[in-house]
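Here is what each chain is made of, one letter per residue.
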Amino acid sequence: MNYKGIILILLVVVIFLVGAVAYLWISQPAENATLNVTNNTTNTADNSQQVQDNQSTSVKISAAKAKSIAADYMAANPDQFSNTEAGTPSLKGGIYYVPVVVTKEGQHSVGTVVAYVKVDGETGSVFGVQEISMY
C-alpha cells in the first residue's frame, strides 16, 4: 500500500473521532442545568369540575391551591368579580393563571373567560388581575 492510501485512511479515522467527540460533548447537559420535572394530572371532583395539578420542582403550591387562592381573592372583591368564578389554572413560568369565568348571563355569555388572576406558584401571592380585552 502506498503512503497516500495510509494518509487517507488516517484522515478518515481522525475525522470520525473528532465527530464522535463533538457529538458526545454537545449531547451532555451543562454543569449548572437544573432539572424541571412537571407532572400533569387531572382530577375530577363531583363530575362537574376538573382541576389540573401542575407539580414542578420550582412550584410549591398545587393548581387546586392556586384556584382556591384566586377564589378567595375574587370573593374579597365582589364589586369587581360579581357573577364569576375561578376556573382551571394553567402554569406558565412559575405563575398560575386562574381564569375568571362568567357564571351568570349579562354583558358576556356564561362560560366566557373575562380575566386571569395571577398567582405566584411558589408563595401563593396574588400578583394581580390580567383583564382580557373584548372588542
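Residues numbered from 1 in each chain as written. Predicted model: local features only at pLDDT ≥ 70, side-chain atom pairs only at ≥ 80, totals over all residues. Heavy atoms only, no water.

Looking at the pattern of salt bridges
Here's step 1: Evaluation of the coordinates by the stated rule reveals one salt bridge.
Here's step 2: Where glutamate 122 meets lysine 60, a salt bridge forms, and the shortest distance between an N and an O atom there is 3.9 Å. Pair noted here: glutamate 122 is in the loop between strand E6 (113-120) and strand E7 (126-131) and lysine 60 is in the loop between strand E2 (49-56) and helix H2 (63-76), with a separation of 62 residues, a long-range link.
Here's step 3: A residue is classified by how much of its surface remains accessible, and lysine 60, at 64% relative accessible area, is exposed. (Salt bridge = Lys/Arg side-chain N within 4 Å of Asp/Glu carboxyl O. Helix = DSSP H or I, 4+ residues; strand = E, 2+ residues; numbered from the N terminus. Buried < 20%, exposed > 50% of the residue type's maximum accessible area, 1.4 Å probe, protein only.)

Quick look at the nonpolar core
Here's step 1: Counting residues in hydrophobic clusters, the biggest one holds 17 residues, and the most contacted among them are Tyr96, Val98, Val100, Val117 and Val119.
Here's step 2: Secondary structure elements with two or more residues in this core: H2, strand E5 (95-102) and E6.
Here's step 3: The biggest single contributor to this core is H2, with five residues.
Here's step 4: Discounting chain neighbours no more than four positions away, the residues touching valine 119 are Ile61, Ala66, Ile69, Ala70, Gly94, Ile95, Tyr96, Val98, Gly124, Ser125 and Val126. (Core = buried A, V, L, I, M, F, W, Y, C linked by side-chain atoms within 4.5 Å. Contact = heavy atoms within 4.5 Å.)

Thoughts on the pairing of E5
Here's step 1: Among the eight residues that make up E5, seven are buried, leaving the element largely enclosed by the rest of the structure.
Here's step 2: In this structure, strand E3 (residues 84-86) lies alongside E5, joined through three bridges in antiparallel fashion. Paired with glutamate 85 across the bridge in E5 is valine 101.
Here's step 3: Relative to E5, strand E4 (residues 90-92) runs antiparallel, the two sharing three bridges. Within E5, the position partnered with lysine 92 by the bridge is isoleucine 95.
Here's step 4: What sits between E4 and E5 in their antiparallel hairpin is a turn of two residues, with glycine 93 showing a positive phi close to 60°. (Pairing = 2+ DSSP bridges.)

Side note on the packing of aromatic side chains
Here's step 1: Inspection of the entire model under this criterion finds two aromatic pairs.
Here's step 2: Between lysine 92 and the ring centre of tyrosine 97, over which it is positioned, the NZ or CZ distance is 5.4 Å. (Phe/Tyr/Trp six-rings, centres within 6.5 Å; stacked < 30°, edge-to-face > 60°. Lys NZ or Arg CZ within 6 Å of the ring centre and 35° of its normal.)

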